[in-house]
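# Summary of structural features
If you want the building blocks of each chain, they are given just below.
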Amino acid sequence: MNRTTFLLLTFMLAVLAALGGNLHAAPATTQEAAGEISAVIAQLGDTDANVRDAASRKLLSLGKAARPALREASHGDDPEIAGRAAQVLAEMRFGIDGDTPAALVDLVQDYRINEGTDRRQIIEKMSKLGWPGFRVMARLHRLEGDAASRRLLLGAMRTSSAAMLEDVWKLLMQGREDDAQEKLSQAAIGGDGASIRSYAALLLSRNKLADAIAEVLADVGPNPGADDAMLLAYLYRAKGEDDAALKSAALVPDGDLKPQARALERSIRIEHRQWPILLSQVTHDAQIAVDTPRALPRTTALVDKLSYARLAGDDKAFNEAFDAVRGLDFALTARDLIGNDLLLNDRVQEGIDFLVAGEDYHSAYVILMLQRREDDAAKVLRSAEESSDPDKIHVELFAARQFHALGEKSGEAIVDRVDKQIQDDPDEYWRDLVQTELALGQTDRAIERAAAALAAAEANPNAPDSQERVRNVMAGLVPPLAELAREWRVYFSQKTPSATRVQILKKIWMLFARKMPQAEAQAILRDAAPNPGDEPARRSIMYERNVVTAHEIGREDIMAQTLAAWAGDPDAARNDLGVLWGWLATRAALAKDYSNAHIYYGKAHARWPSDSIVWWMHGWTAIQAAPGDAKIEASAREEMRRASQCLMADDDRWINFLDALIEAGAERTGDAELQRAQYRRFGTPASHNYFESLRLTGSGLIYPDAAETNPRIYLPEPLGKDSAARFLQAADLSSISLLMLNRGRTVYRYPEGYILQPARFHAMRARGLIASGDIPAATKEMDLALLLTPANTELAAYIVPAFDQAGHATEANAVFNRVASVLQASLDRHPASPQLHSSLARMEAACDRRLDEALTHANRAVSLAPDNVEYLGTLAEVQFHRGQRQAAIETVKRGLKLDPAFADLQRQLKRFSQEKPTTRPG
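Fair warning: this is a prediction, and the values are worked out from it, not measured in the lab. (Residues numbered from 1 in each chain as written. Predicted model: local features only at pLDDT ≥ 70, side-chain atom pairs only at ≥ 80, totals over all residues. Heavy atoms only, no water.)

## Points about the overall build of the protein
In terms of regular secondary structure, the protein is built from 50 helices and zero strands. The buried share of the protein, reckoned over its 922 residues, is 51%. Carbon together with sulfur atoms contributes 51% to the accessible area of the protein, which is approximately 40,500 Å² in total. (Helix = DSSP H or I, 4+ residues; strand = E, 2+ residues; numbered from the N terminus. Buried < 20%, exposed > 50% of the residue type's maximum accessible area, 1.4 Å probe, protein only. Areas by Shrake-Rupley, 256 points an atom, 1.4 Å probe, with all protein chains shown as cover.)

## Considering helix α32 (residues 556-567)
Residue pairs spaced three or four apart in an α-helix point in one direction, given the helix's 3.6 residues per turn. In this model, α32 (12 residues) spans 16 Å end to end at C-alpha, consistent with the 16 Å of a helix rising 1.5 Å per residue. Buried within α32 are the following residues: Ile558, Met559, Thr562, Leu563 and Trp566. Buried positions in α32, seen along its axis, are confined to an arc of 135 degrees and lie on one side of it. Check the buried side of α32 and you find it contacts α30 (518-527), α31 (536-552), α33 (570-573) and α34 (577-590). (Expected span 1.5 Å × (residues − 1). Arc of directions from axis to C-beta. Contact = heavy atoms within 4.5 Å.)

## Let's talk about the packing of aromatic side chains
Counting across every chain of the model gives 19 aromatic pairs. A centroid spacing of 6.2 Å and a plane angle of 25 degrees characterise the contact between Trp275 and Tyr308, whose relative ring orientation is stacked. A residue pair is termed long-range when its members are at least 10 positions apart, and Trp275 in helix α16 (residues 275-291) and Tyr308 in helix α17 (residues 296-312) qualify at 33 residues. For the pair formed by Trp275 and Tyr308, the shared burial category is buried. Pairing Trp488 with Tyr491 gives two aromatic rings, centres 5.4 Å apart and planes at 90 degrees, and the pair type is edge-to-face. With a gap of three residues between them, Trp488 and Tyr491 both fall in helix α28 (residues 482-495), about one helical turn apart. Like Tyr491, Trp488 is buried. (Phe/Tyr/Trp six-rings, centres within 6.5 Å; stacked < 30°, edge-to-face > 60°.)

## Describing the nonpolar core
One finds Met126, Leu235, Trp488 and Ile508 to be the most contacted residues of the largest nonpolar core, which totals 142 residues. By size, the runner-up hydrophobic cluster in this structure holds 99 residues, among which are Ile352, Tyr365, Ala384 and Leu397. (Core = buried A, V, L, I, M, F, W, Y, C linked by side-chain atoms within 4.5 Å.)

## Things to note about helix α45 (residues 809-829)
In this model, α45 (21 residues) spans 30 Å end to end at C-alpha, consistent with the 30 Å of a helix rising 1.5 Å per residue. Every buried residue of α45 is accounted for by Ala812, Val815, Phe816, Val819, Ala820, Val822, Leu823, Ser826 and Leu827. Buried residues of α45 fall within an arc of 150 degrees about the axis and therefore sit on the same side. Of the residues in α45, the exposed ones pointing more than 90 degrees away from the buried face are Thr810 and Asp828. Those residues of α45 that are buried are in contact with α22 (374-386), α43 (775-788), α44 (793-805), α46 (834-846) and α47 (851-864).

## Quick notes on unusual backbone geometry
The phi torsion at Ala686 lies on the positive side, around 55 degrees, for a residue other than glycine. Within the secondary structure, Ala686 is located in the loop between α39 (670-682) and α40 (688-702). The phi dihedral of Arg850 falls on the positive side, at around 50 degrees, and the residue is not glycine. Examined against the element boundaries, Arg850 turns out to sit in the loop between α46 and α47.

## Thoughts on the pattern of salt bridges
Inspection of the entire model under this criterion finds 53 salt bridges. Between Asp256 and Arg150 there is a salt bridge whose closest N-O contact spans 3.2 Å. One end of the pair, Asp256, is in the loop between α14 (242-250) and α15 (258-271); the other, Arg150, is in helix α9 (residues 147-173), with 106 residues separating them in the sequence. For the pair shown, Asp256 and Arg150 are each scored as buried. Salt bridges here are not isolated pairs; linked through shared partners, they connect Arg237, Asp242, Glu271, Glu673, Arg676 and Arg680. (Salt bridge = Lys/Arg side-chain N within 4 Å of Asp/Glu carboxyl O.)

## Notes on the side chain of Thr549
On the secondary structure map, Thr549 appears in helix α31. If we ignore the near neighbours within four places in the chain, the residues touching Thr549 are Leu484, Trp488, Leu511, Phe512 and Leu525.

## Details of the confidence of the model for the protein
Overall, the prediction assigns the protein a mean pLDDT of 85, with 88% of residues at 70 or greater. The spread of mean pLDDT over the elements of the protein runs between helix α1 (residues 3-18), the lowest at 32, and α47, the highest at 97. Predicted confidence for residues 1-29 stays below pLDDT 50, and this span has 25 contacts to residues more than four positions away or in other chains. Predicted confidence for residues 705-716 stays below pLDDT 50, and this span has 31 contacts to residues more than four positions away or in other chains. (pLDDT = per-residue confidence, 0-100.)

## Some points on the packing of helix α48 (residues 869-881) against helix α49 (residues 885-898)
Running from N to C, α48 and α49 point in directions that differ by 170 degrees, and their axes come no closer than 8 Å. On the basis of the axis angle, α48 is roughly antiparallel to α49. Taken together, the residues of α49 that come into contact with α48 (itself represented by Val869, Leu872, Leu875, Ala876, Gln879 and Phe880) are Arg885, Ala887, Ala888, Thr891, Val892, Arg894, Gly895 and Leu898. Each residue belonging to the contact of α48 with α49 can be placed in one class, and the counts come to nine nonpolar, three polar and two charged. (Axes fitted to C-alpha atoms, helices over the stretch in contact; angles between N-to-C directions. Parallel < 35°, antiparallel > 145°, perpendicular 65-115°, else oblique. Nonpolar A, V, L, I, M, F, W, Y, C, P; charged D, E, K, R; others polar.)

## With respect to the packing of helix α25 (residues 430-439) against helix α26 (residues 443-458)
Two numbers describe how α25 lies on α26: the axes approach to 7 Å, and their chain directions differ by 160 degrees. Considering their axes alone, α25 and α26 lie roughly antiparallel with respect to each other. Here the hand of the crossing between α25 and α26 comes out left-handed. Of the residues in α26, those touching α25 at Trp430, Leu433, Val434, Glu437 and Leu438 are Thr443, Arg445, Ala446, Arg449, Ala450 and Ala453. (Left-handed = near helix turned anticlockwise from the far one by under 90°.)

## Regarding the environment of Ala261
Mapped onto the fold, Ala261 is located in helix α15. Classification of Ala261 by relative accessible area gives buried; the value is 3%. Between the alpha carbons of Ala261 and Pro685 there is a distance of 9.0 Å; along the sequence they are 424 residues apart. Apart from the residues lying within four places of it in its own chain, the contact partners of Ala261 are Met230, Ala249 and Val252.

## Examining the side chain of Ser195
Relative to the elements of secondary structure, Ser195 occurs in helix α11 (residues 193-206). Its relative accessible area of 0% is what places Ser195 among the buried residues. A polar side-chain atom of Ser195 sits 2.6 Å from a polar atom in the side chain of Asp192. (Polar contact = N/O pair within 3.5 Å; in protein donor to acceptor, adjacent residues only side chain to side chain.)

This is the structure we're talking about:
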């Protein structure tokens, strides 16, 4: 057999293998291609250099198809052809093809003959050449044995991956899935986690993971290098073969990819609750932390050990970790981390001690006051005042707000003292001071302060921080709505140019604080509606401003009218149709009006074709609107597949998507859980977003629609086996999600979260255990919950009725009495606190206990703060539980006169009109 015939046969066999052995698949085309390759290879030995170069480029462009013939030619008799064939094969290994820029080919050659600092410059140049440069860097990283060069290449790829993935996303939006997959397959071989995860996500959506894994195994054999082992680990994880993923991750040697491998392993073991294994693995790292106590990254091993030991139920290991933590001299930055993690692991006092030692007086004071340990809190406050910590003013202002809530006057004295202290440098404290004055009822003083701060910020509009200072002022006045408040300031300034800053700011505050008469608020929104003469773009902004404002002040009727006007204004709507239809679609989906939701999502998708969330919801609502229609469902599911596919493995896009499912009321559906489960397979391992997906899953198991808008965790739901399973699973997932806080990379915005969240999760588990009949275990969980938050009336209202329903009055009484005694002790110290009176009364009503006493407390709260609609709601709740239905309805109506849009009162009015007084509150 001559060489040409052999090459032809080799190529045909390769093509047949690719075609799955189909001997009848396009024989003419196969023969022509084989002949072309043979002819081009022969040109490698041509006497004309231009012909030889052209042949090399042609073979490079053929890629995989030409490799078998090139391998044979590289061992042939013609030294010229053999040498050039070998060179082409080498260039293919480095990711060079027929379209590779000549400059990049030269850089590859430079890289191969240079080492050290020269390589850094070469890699930097490669990273600036877009996709071809990325592909070459991926190949080089796979082949490189030098650790320093691998780190440089991986760093460059991570910097460049965002642009590369954006190109892949554009291909997916065009429906070019094959092209996107080919591009990602080449990028993924370089070990870059973002590229591999996106590749895995795409393969999962196309059901092609098994083929890809088989291809990698055939290419690398039984002993994959670091890059290939990492690739296999991610692919197995996406396929759901976690044991294989763990084995592949274990093959990744120490080096630049080892942190990725360990994070992936950690996620898998956490998801499978392999706490003893995780505990064993972290014990060695914890010892390093003991030996090197001031190395902050290593102290995370100790807090990991605390959590794993607690979750494993290993008291001995927990105490070992705790003793090590307590005995070390940590740097200040590590003390905060350790303190918070001790709180999360049910060691409250020790956690507070670490916070104080780390001079985090604010967190310590907040937690102590939440626990009603006022004497201990006072000591922390004095320590803060005596310290040189500049943040002590924030602690003092928080204390002022606490004193006011307790009915004490000392908060006003604190504000006066702080006001004098900050005269020389007020900027940092304007926002907190304004919020404190508002909380203390010093509205005019707060608004005048805000106006003065605004004037100071605007006196020098060109200063770098001018706009930030303006935002801070508005955020102090209207905390969650600073940008919206700025829009209204512009409007009022134009509407009444003679008005002062104080007058305008007072109007804005009254509007959003719901202190403005409803007729006046309605008139403002009506007058602020766009005019036909306004520019279309400006009209869209005005419509959106009015819609959001109506929603925030609870005027859903005005919101609906404004949306309708916006939809009927084609010139204005054309500028931002997506916002309009998105609003309408979400509202319709929440109301389970799926037919209209589908229409609106379709309109939003037409405006925002690149928005995967809108696209997915368009398909999902089609299924909900036509249940049982197989044709519609098949089409809709393909739409949903492509929509979620275009999210690729972008963590932020995925979490926004999962949040959107909650906003649309879809979080408790099988489709939503499928999306959450799929994301966990290819999301960044052990990341904040990974743990957040666990928390969202837990929320979806026990919350009704729009869970995130309702922070309460108790539901008026009968006990039963299904209830037990769901609550136990929700508690499990939610508790595990706290591990995202272990390493200090994710923090709660407010320190209360470090005890409120674990307390809630203990109560969730107690609720499930009561339903399953394990009363001793449920009691233990409630002991832990109340250790963290001993005055938590919400948890009492959640658990006491469950114990009652299960026939365990003794345990119910124990929980009720424990919380009530803590609250009563505070009331004895602060008898003029309407908040304490109301809290105790509402708990007594919710638990159906001491209803006469509850009525006394509720009336006292209302007498101390007669215009507080929440306290009126408490009084109505007590009246309803006492069987005074009509009195309860009249009290609710009294509250609705003060704030017609107060949602809790609206729900109470509906419930009181429909249910019997013996029904427990939801």
